[in-house]
Amino acid sequence: MPRSLKFSLFLSFVLVAMVLFFYLTGLFQSELFEQSISEVMPAPREEVWNYLVDVETRSKSKQEVTQVLILEKNDLGLPLVWREETDLGGYRQYRLLEWENGKRFVQTLESSSFRIHGSWTYTIEATGNYSKLIITESSRIESPLVRGATFFVGRANSLQKEMELARNHFAERSQSLR
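These figures come from a predicted structure and were not determined experimentally. (Residues numbered from 1 in each chain as written. Predicted model: local features only at pLDDT ≥ 70, side-chain atom pairs only at ≥ 80, totals over all residues. Heavy atoms only, no water.)

**Section: the overall build of the chain**
Helix and strand content of the chain: 5 helices and 7 strands. Across the chain, helices and strands are ordered from the amino to the carboxyl terminus as α-β-α-α-β-β-β-β-β-β-α-α. Taking all 178 residues of the chain together, the buried fraction comes to 37%. One finds the centroid of the 21 positive side-chain charges in the chain at a distance of 6 Å from the centroid of its 22 negative side-chain charges. (Helix = DSSP H or I, 4+ residues; strand = E, 2+ residues; numbered from the N terminus. Buried < 20%, exposed > 50% of the residue type's maximum accessible area, 1.4 Å probe, protein only. Lys, Arg positive; Asp, Glu negative; His and termini not counted. Charge placed at Lys NZ, Arg CZ, Asp CG, Glu CD.)

Spelled out as structure tokens, the structure:
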């Protein structure tokens, strides 16, 4: 048997073993996840609100997002439905469910190629010239394979990344004001 064929068979075996491992791990993980995190941002509530509702800019700061399409806006000009195209060839389509101008909004992940659904609630509380940002994720992953993969990455990873993006945005903003 040629060496290249042996190597190809070995790689195929490793790939199948990894997929099976993630799948089996995912079978033992809960479909549901809920968690909140909070952090004080060095900006007034209005600026934090403007950053959060600017989904085009906010989404583009995510490494895996290649394109953001605003599909529908409300009377205030806020995006009601938007779609993020990802570098893996997938997508996530969100909908703004409810909002209390300048204080709170809820977005839901209506559909995605990753079989993940859920909602994220963003609450902004004024604390002097700063703002406390609270993000709550309530999600469900249908696919055992995806649940297994997210188990190893950390189920709260997307929630933590979202807060990190906000932190970085306002850190850059406060440095440019100096």
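There's more to say after this.
**Concerning the nonpolar core**
Within the largest apolar cluster, 31 residues are counted, with the highest numbers of intra-cluster contacts made by Met 41, Val 48, Leu 52, Phe 105, Leu 133 and Ile 135. Aside from chain neighbours lying at most four places away, what touches Leu 52 is Arg 58, Phe 105, Tyr 122, Ile 124 and Leu 133. (Core = buried A, V, L, I, M, F, W, Y, C linked by side-chain atoms within 4.5 Å. Contact = heavy atoms within 4.5 Å.)

**A few points about the sheet that holds strand S3 (residues 79–86)**
In space, the 7 strands of this open sheet follow the order S1-S7-S6-S5-S4-S3-S2, with antiparallel pairing throughout. The open sheet has two free edges, formed respectively by strand S1 (32–41) and strand S2 (65–73), since each of these has just one partner strand. Adjacent strand axes in the sheet meet at a mean angle of 20 degrees, parallel and antiparallel pairs treated alike. With 5 bridges connecting them, S3 and strand S4 (residues 91–100) associate as antiparallel partners. Bridging across to S4, Arg 83 finds its partner in Gln 93. Packing against the sheet, helix H2 (residues 45–53) makes contact with S1, S3, S4, strand S5 (104–112), strand S6 (116–127) and strand S7 (130–141), and its axis sits at approximately 160 degrees to S6. (Pairing = 2+ DSSP bridges. Axes fitted to C-alpha atoms, helices over the stretch in contact; angles between N-to-C directions.)

**Let's talk about the pattern of salt bridges**
Summed over all chains, the structure comprises 13 salt bridges. The shortest N-O distance in the salt bridge between Glu 84 and Lys 62 comes to 3.2 Å. Taken together, the residues Glu 84 in strand S3 and Lys 62 in the loop between helix H3 (55–60) and S2 connect sequence positions 22 residues apart. Owing to a relative accessible area of 11%, Lys 62 belongs among the buried residues under this scheme. Arg 104 is the salt-bridge partner of Glu 98, the closest N and O atoms lying 2.7 Å from each other. Note on Glu 98: relative accessible area 38%, which makes it partly exposed. A single salt-bridge network, built from bridges that share partners, covers Arg 58, Lys 62, Glu 64, Glu 84, Arg 92 and Glu 162. (Salt bridge = Lys/Arg side-chain N within 4 Å of Asp/Glu carboxyl O.)

**A few points about the packing of helix H1 (residues 3–27) against helix H4 (residues 144–153)**
Between H1 and H4, the shortest axis-to-axis distance is 6 Å and the interhelical angle comes to 90 degrees. The orientation of H1 relative to H4 falls into the category roughly perpendicular. From H1, Val 19, Phe 21, Phe 22, Tyr 23, Thr 25, Gly 26 and Leu 27 reach across to H4, where they touch Pro 144, Leu 145, Arg 147, Gly 148, Ala 149, Phe 151 and Phe 152. Class assignment for the residues of the contact of H1 with H4 results in 10 nonpolar, 3 polar and 1 charged. (Parallel < 35°, antiparallel > 145°, perpendicular 65-115°, else oblique. Nonpolar A, V, L, I, M, F, W, Y, C, P; charged D, E, K, R; others polar.)

**Some thoughts on the side chain of Thr 86**
Among the structural elements, Thr 86 can be located in strand S3. Assessed through its relative accessible area of 7%, Thr 86 is described here as buried. Setting aside chain neighbours within four positions, we find Thr 86 in contact with Glu 64, Val 65, Thr 66, Tyr 91, Arg 92 and Phe 114.

By themselves these figures say nothing about function.
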